[in-house]
Amino acid sequence: MKHLLLLLAFGAGCCLPVQAGINTLLRRFLGEPMQAALVSFAVGTLALWLYSLASRHTWPPLSQLSAVPWWMWTGGVLGAIFVSCTIFLAPRLGAATMTAVMLSGQLVASVLLDHFALVGFPEHPVSPMRLVGIGLLFAGAWLVRVF
């Protein structure tokens, strides 16, 4: 089962540069990166809405929604920042450099989230080998950028 989850994660990662390229082309038609991001999120929202309808998932009651801490609503804002940045960066950096540098940032943030057990992640302390892994990823990002 773990191999299947890793394969799913790999496939999801493959979507990033494809999505960035598609959204960059969309920007050419619409003129502005934020408009392209808005269309991307609108289509994604529609797809999730249709999925929810087809799977017959019910919405929680309003009292449960209003009890959610304010900061838990920021995931959509972070997603909008991420998608908008890919639309801006993809044509300037290229798919490989953009993805490598973004992945480096994701890994650093992930190690910090794990180490301090933030936003629901279980504690997984930083270790020397994890730091080596971060260093190797940074080296890989640099190699992708330079060559």
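Described in the following lines is the structure provided in the data block.

About the thresholds
- Residues numbered from 1 in each chain as written.
- Predicted model: local features only at pLDDT ≥ 70, side-chain atom pairs only at ≥ 80, totals over all residues.
- Heavy atoms only, no water.
- Helix = DSSP H or I, 4+ residues; strand = E, 2+ residues; numbered from the N terminus.
- Buried < 20%, exposed > 50% of the residue type's maximum accessible area, 1.4 Å probe, protein only.
- Contact = heavy atoms within 4.5 Å.
- Areas by Shrake-Rupley, 256 points an atom, 1.4 Å probe, with all protein chains shown as cover.
- Expected span 1.5 Å × (residues − 1).
- Polar contact = N/O pair within 3.5 Å; in protein donor to acceptor, adjacent residues only side chain to side chain.
- Disulfide = S-S within 2.5 Å.

Overview of the overall build of the protein chain
Stage number 1. Scanning the protein chain for helices and strands turns up six helices and zero strands.
Stage number 2. Shown N-terminal to C-terminal, the secondary structure of the protein chain runs as helices and strands in the order α-α-α-α-α-α.
Stage number 3. The C-alpha extent of the protein chain, read off along each of the three principal axes, is 50 × 45 × 30 Å.
Stage number 4. Within the protein chain, buried positions represent 16% of all 147 residues.
Stage number 5. Residue pairs in contact within the protein chain that sit at least 24 positions apart in sequence constitute 57% of those at least 6 positions apart.
Stage number 6. Accessible surface, the protein chain as shown: approximately 10,900 Å² in total, 76% of it carbon and sulfur.

Things to note about helix H5 (residues 95-115)
Stage number 1. The end-to-end C-alpha separation of H5 is 30 Å, in line with the 30 Å expected for 21 residues at 1.5 Å each.
Stage number 2. Restricting attention to buried positions, one finds in H5 the residues Thr 97, Met 98, Thr 99, Ala 100, Met 102, Ser 104, Val 111 and Asp 114.
Stage number 3. Summarising the contacts, the buried residues of H5 are in contact with helix H1 (2-30), helix H4 (75-93) and helix H6 (128-146).
Stage number 4. In the segment just after H5, Ala 117 is the residue with positive phi, at about 50°.

Re the side chain of Thr 86
Stage number 1. Assignment of secondary structure puts Thr 86 in helix H4.
Stage number 2. Within the structure, Thr 86 has its side chain in polar contact with the backbone oxygen of Val 83 (distance 2.7 Å).
Stage number 3. The residues contacting Thr 86, other than those within four sequence positions of it, are Leu 16, Ala 20, Thr 24, Pro 91, Met 98 and Met 102.

Here's the deal with unusual backbone geometry
Stage number 1. The backbone of Arg 56 shows a phi angle near 60°, a positive value even though the residue is not glycine.
Stage number 2. Among the secondary structure elements, Arg 56 is positioned in the loop between helix H2 (33-55) and helix H3 (62-66).
Stage number 3. Here the phi dihedral of Ala 117 falls at roughly 50°; this positive angle occurs in a residue that is not glycine.
Stage number 4. Mapped onto the elements, Ala 117 comes out in the loop between H5 and H6.

Considerations on the side chain of Thr 99
Stage number 1. Tracing the chain through its elements places Thr 99 in helix H5.
Stage number 2. The residues contacting Thr 99, other than those within four sequence positions of it, are Leu 16 and Pro 17.

Quick word on the state of the cysteines
Put plainly, two cysteines are in a disulfide when a covalent bond ties their sulfur atoms together.
Stage number 1. Per the stated rule, a full pass over the model turns up zero disulfides.
Stage number 2. Of the cysteine sulfurs around Cys 14, a residue in no disulfide, the closest is that of Cys 15, at 7.1 Å.

Digging into the environment of Val 111
Stage number 1. With respect to the helices and strands, the residue Val 111 is situated in helix H5.
Stage number 2. The exposure class of Val 111 is buried, given its relative accessible area of 6%.
Stage number 3. For the pair Val 111 and Gln 19, spaced 92 residues apart in the sequence, the C-alpha separation amounts to 25 Å.
Stage number 4. Discounting residues that sit within four places of it in the chain, Val 111 has contacts with Val 126, Arg 130 and Ile 134.

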